[in-house]
Amino acid sequence: MPEVMIIGGDGLLGTAMAMRCDDLGLSFVQTSRRKGNTLHFDLRHPNNNLPNAKLVYLFAGVTSIQACDDDPTATHAINVQGIASVAKQYVERGSHVIFPSTSLVFDGTHRTPGIDHPIRPRTTYGKQKAEAERQLMTIGHSGPGSVSIVRLSKVLTQQVSLIEQWRKQLHAGQTIKAYRDRYVAPLPCAQAIDALLNIGLNQKPGIYHLSGPAGCTYADLAVAIAKAMGVDEKMIRSVDCKNALPAVGYTALGDCTQTNHESTGTAPPHPPHLPHPPRLPRPSAVTLAGIAKALACPV
Ligand SMILES: NC(=O)c1ccc[n+]([C@@H]2O[C@H](COP(=O)([O-])OP(=O)(O)OC[C@H]3O[C@@H](n4cnc5c(N)ncnc54)[C@H](OP(=O)(O)O)[C@@H]3O)[C@@H](O)[C@H]2O)c1
């Protein structure tokens, strides 16, 4: 039996998780809805034929806010019904299921909502993730397996198209425009993946928050990246968004988890049948300048 099942292996987090499992020597299987060597699986037609695994990461889904607004019914079938169906089959088989959720389950009025902050999503995507969370919590409680919900702020890598575009333009000596009226709480992908693995390998059910720094706008992030690249910050033009992106308010999270037991001393006993989880930096050690440096460094 593989240790890790990655449902949705082609996306940002699924690809990064597969690479990290490979690095750590964890056996894994990825699903995809594309043709290729991976296991074919589509959340629109979930079946019971997926292989067993100890840990199951549910990365598949429609992640575009616009796509969810455009077709709430079809995306609900994927993001809620499909996800709940896979979670149920794995919890019934005794697996630990990890579901990445989002800060958009909150209404964006609080700078750093904690785990118990009222759920009040404003977007269709956020509503679907909130409903999936509710269903998965119920499924997790029915056992024999268990569920962890991990709410994430915005996960970024150098390959995310906005960052790639900014870097290219700044390298070429071009000015870039960045929104001063839209918040982003950038979370480095590598950190998100190690935290997700840490939570999975510790097999502790519940709700977790992982977030980049609060109060940072896209313009702040662009300036930090420019500085990290050694480019004059005057190359960043702070502009108003004018509805190009939905106004979702604050997007950072509070009560961020210290999943590394070595930094807290409070982690559960490690299950003997699983490898030890990767170490994590303390959330407070992750600064905007540090994140910008990671996003800016030459590939
Ligand atoms: N990235 C973030 O900043 C962030 C933040 C908070 C939460 N999350 C959550 O983390 C998870 C992964 O995010 P991500 O950024 O890796 O997303 P992503 O890059 O958009 O990848 C989503 C994956 O889901 C697959 N998919 C879409 N519809 C499907 C269907 N009907 N059946 C099976 N697979 C389907 C896509 O397949 P194709 O490639 O074939 O289209 C893609 O591989 C999502 O649940 C997202 O809500 C992400």
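Quantities reported herein were computed from a predicted structural model and do not represent experimental measurements.

Colleague: Just checking my understanding: could you explain the site of the ligand for this structure?
Modeller: Around the ligand sit 22 residues, and of these G11, L13, L43, A60 and P100 come closest. Contributing elements (two or more residues each) for the shell around the ligand: α1 (12-24) and β5 (96-102). In terms of residue count, α1 provides more of the shell around the ligand than any other element does, three residues in total.

Colleague: Please clarify how the pairing of strand β4 (residues 55-58) should be interpreted in this entry.
Modeller: Working note: regular strand, side chains alternate between the two faces of the sheet. Of the two faces of β4, the one lined by L55 and Y57 and the one lined by V56 and L58 are each fully buried. Sheet analysis places strand β1 (residues 4-7) next to β4, joined by four bridges and oriented parallel. When the sheet's bridge partners are listed, I6 is paired in β4 with Y57.

Colleague: What am I meant to see in the environment of D10 here?
Modeller: Position of D10 among the secondary structure elements: in the loop between β1 and α1. Considered as a pair, D10 and Q203 are 193 residues apart in the sequence and their alpha carbons are 24 Å apart. Among all residues touching D10, those that are not within four sequence positions of it are T15, S32 and R34.

Colleague: Hey, could you run me through unusual backbone geometry in this one?
Modeller: Residues other than glycine predominantly adopt negative phi, and peptide bonds predominantly adopt the trans conformation. Here the residue pair G143 and P144 is connected by a cis peptide bond, since its omega of 5° sits within 30 degrees of zero. Following the sequence through the fold, P144 ends up in the loop between α4 (124-142) and β6 (146-152). Of note in the backbone geometry, D255 takes a positive phi value of approximately 55° without being a glycine. Structurally, D255 can be placed in the loop between β11 (236-239) and α8 (261-264).

Colleague: Explain helix α9 (residues 288-296) here, please?
Modeller: For α9, every residue scored as buried is listed here: I291, A292, L295 and A296. Across the axial projection of α9, the buried residues extend over an arc of 130°, all falling on one side. Contacts from the buried residues of α9 go to β7 (155-156), α5 (161-171), β9 (187-188) and α7 (218-229).

So, how was this worked out
Residues numbered from 1 in each chain as written. Predicted model: local features only at pLDDT ≥ 70, side-chain atom pairs only at ≥ 80, totals over all residues. Near = placed C-beta within 6 Å. Helix = DSSP H or I, 4+ residues; strand = E, 2+ residues; numbered from the N terminus. Buried ≥ 20, exposed ≤ 12 C-beta atoms within 10 Å, placed from the backbone. Pairing = 2+ DSSP bridges. Contact = placed C-beta atoms within 7 Å. Arc of directions from axis to C-beta.

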